[in-house]
Amino acid sequence: MLFMIIERYRNNDPVPVYRRFREQGRMAPDGLRYVMSWVTPDLATCYQVMECDDARLIDDWTAHWNDIVDFEIIPVVTSTEAAAAVGPRL
């Protein structure tokens, strides 16, 4: 399953996040796969897609970051999957 993770850096400060990432890496548990990410030009918010079969892995991963990042986690499907789901109703 895919998840859109919206990360809002506390105090709009990316420095603690990037410092921890440089020192400790993503800290994702086995089974949680990073797909892609985008960051707003002001460096205050990151939009990240992660993939896993067990949503509990998202909780394990965010526990390493939730002191410096506020998370919004949204399950998503690809556009192709959405079109296939809607197709029979067209």
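Since the structure is predicted, the reported quantities are computational estimates derived from the model, not experimental observations.

S.K.: How do you make sense of the overall build of the protein when you look at a structure like this?
M.R.: Of the regular secondary structure elements, the protein holds three helices and four strands. Helices and strands in the protein line up, N terminus first, as β-α-β-β-α-β-α. With the principal axes as the frame, the protein shows a C-alpha extent of 50 × 30 × 15 Å. Out of the 90 residues belonging to the protein, those deemed buried represent 29%. When contacts within the protein are restricted to residue pairs at least 6 apart in sequence, those whose partners lie at least 24 apart make up 70%.

S.K.: What should I look at first to understand the sheet that holds strand S2 (residues 33-39) in this one?
M.R.: Backbone-to-backbone hydrogen bonds join strands into a sheet, with any given pair of strands oriented parallel or antiparallel. Spatially, the four strands line up as an open sheet ordered S2-S3-S1-S4, and their pairing is antiparallel. Two strands close off the open sheet at either side, each with one partner strand: S2 and strand S4 (69-76). Averaged over all adjacent pairs, the angle separating strand axes in this sheet is 20°, with direction ignored. Inspection of the sheet shows S2 paired to strand S3 (residues 45-51) by six bridges, in the antiparallel sense. Residue pairing for S3: Tyr34 is matched across the bridge by Met50.

S.K.: Got a minute to help me understand the side chain of Thr62 in this structure?
M.R.: Its place among the elements puts Thr62 in helix H2 (residues 56-62). By relative accessible area, which is 8% here, Thr62 ends up buried. Leaving out residues up to four positions away in the same chain, Thr62 has contacts with Phe71 and Ile73.

S.K.: How do you make sense of the side chain of Glu7 when you look at a structure like this?
M.R.: Mapping Glu7 onto the fold places it in strand S1 (residues 2-9). Engagement of the side chain of Glu7 in a polar contact is seen with the side chain of Gln48, the distance being 2.5 Å. Filtering out sequence-adjacent residues up to four positions away, Glu7 remains in contact with Ala44, Thr45, Cys46, Gln48, Trp61, Val69, Asp70 and Phe71.

Conventions we followed
Residues numbered from 1 in each chain as written. Predicted model: local features only at pLDDT ≥ 70, side-chain atom pairs only at ≥ 80, totals over all residues. Heavy atoms only, no water. Helix = DSSP H or I, 4+ residues; strand = E, 2+ residues; numbered from the N terminus. Buried < 20%, exposed > 50% of the residue type's maximum accessible area, 1.4 Å probe, protein only. Contact = heavy atoms within 4.5 Å. Pairing = 2+ DSSP bridges. Axes fitted to C-alpha atoms, helices over the stretch in contact; angles between N-to-C directions. Polar contact = N/O pair within 3.5 Å; in protein donor to acceptor, adjacent residues only side chain to side chain.

Keep in mind that these numbers describe shape and distance, not what the molecule does.
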